[in-house]
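Survey of secondary and tertiary structure
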Amino acid sequence: MYISVTGLKLHSRWQMPGFMVHAVRSMTEAQRADGNLFADARTVNSVHHTLTAWQDRAAMVAYLGQPHHRAAMRAFPTLGHGRTLGYEAEELPSWKEALALWREHAREARRPARA
């Protein structure tokens with residue numbers, strides 16, 4: 001299975017309403033996506049995290065192109081900055097394990113190309 005762990009820190013609290021619109025729509029889309037095994041979100045130390053598990057990397061990549069996720073990625077630079085981690089695993093990590101791996105190995109999220 002393919003695990004994805006993300007973390008986004010908002011530029012300021014004023015971005016929260018826009019962030020929440022994108023977050024709710026994207027999470028609902030992820031939970032309904034083909035190949036999704038698990039999707040959850042938490043805020044830890046003012047960083048908004050997602051933890052998702054997919055049948056394989058191809059299923060996760062297919063989700064990236066979905067309408068709400070694409071819109072969220074276009075809005076990303078105006079909302080905050082973040083880091084992502086993706087890796088293969090035999091089982092779903094706990095949130096504690098996932099966040100420890102994210103802190104140690106995550107890379108700066110790439111800004112999407114302008115469409």
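Check the entry above for the structure.
Summarised in this report is the structure supplied together with it. (Residues numbered from 1 in each chain as written. Predicted model: local features only at pLDDT ≥ 70, side-chain atom pairs only at ≥ 80, totals over all residues. Heavy atoms only, no water.)

Mapped onto the elements, T52 comes out in strand β3 (residues 47–54). Residue class for T52 comes out buried when judged on its relative accessible area of 8%. Separated by 15 residues in sequence, T52 and L37 place their C-alpha atoms 7.5 Å apart. If we skip the residues at most four places from it in the chain, T52 touches Y2, I3, S4, N36, F38 and A39. A distance of 2.9 Å separates the side chain of T52 from the side chain of W54, its partner in a polar contact. (Helix = DSSP H or I, 4+ residues; strand = E, 2+ residues; numbered from the N terminus. Buried < 20%, exposed > 50% of the residue type's maximum accessible area, 1.4 Å probe, protein only. Contact = heavy atoms within 4.5 Å. Polar contact = N/O pair within 3.5 Å; in protein donor to acceptor, adjacent residues only side chain to side chain.)

On the surface, D56, E88, E90, E91 and E97 cluster together into a patch of negative charge. Looking at the secondary structure, you find E88 in strand β4 (residues 80–88). When its relative accessible area of 53% is taken as the criterion, E88 is described as exposed. (Patch = residues over 30% accessible without salt bridge, like charges linked within 9 Å, V, L, I, M, F, W, Y side chains within 5 Å. Areas by Shrake-Rupley, 256 points an atom, 1.4 Å probe, with all protein chains shown as cover. Salt bridge = Lys/Arg side-chain N within 4 Å of Asp/Glu carboxyl O. Lys, Arg positive; Asp, Glu negative; His and termini not counted. Charge placed at Lys NZ, Arg CZ, Asp CG, Glu CD.)

With their axes 9 Å apart at the nearest point, helix α1 (residues 16–32) and helix α3 (residues 67–79) run at an angle of 150° to one another. Relative to α3, α1 is oriented roughly antiparallel. In terms of crossing hand, the pair formed by α1 and α3 is left-handed. Note on element contacts: α3 touches α1 through P67, H68, H69, A71, A72, A75 and L79, opposite G18, F19, H22, R25, S26 and E29. Looking at the contact of α1 with α3, its residues break down into six nonpolar, five polar and two charged. (Axes fitted to C-alpha atoms, helices over the stretch in contact; angles between N-to-C directions. Parallel < 35°, antiparallel > 145°, perpendicular 65-115°, else oblique. Left-handed = near helix turned anticlockwise from the far one by under 90°. Nonpolar A, V, L, I, M, F, W, Y, C, P; charged D, E, K, R; others polar.)

Now for the packing of aromatic side chains. Evaluation of the coordinates by the stated rule reveals one aromatic pair. Its guanidinium or amino end placed over the ring of W102, R83 lies 4.5 Å from that ring's centre, counting from NZ or CZ. (Phe/Tyr/Trp six-rings, centres within 6.5 Å; stacked < 30°, edge-to-face > 60°. Lys NZ or Arg CZ within 6 Å of the ring centre and 35° of its normal.)

Okay, the pattern of salt bridges next. Applying the stated rule across the entire model yields one salt bridge. Note that D40 is salt-bridged to R42, the shortest N-O span being 3.9 Å. By relative accessible area, D40 is classed as partly exposed at 26%.

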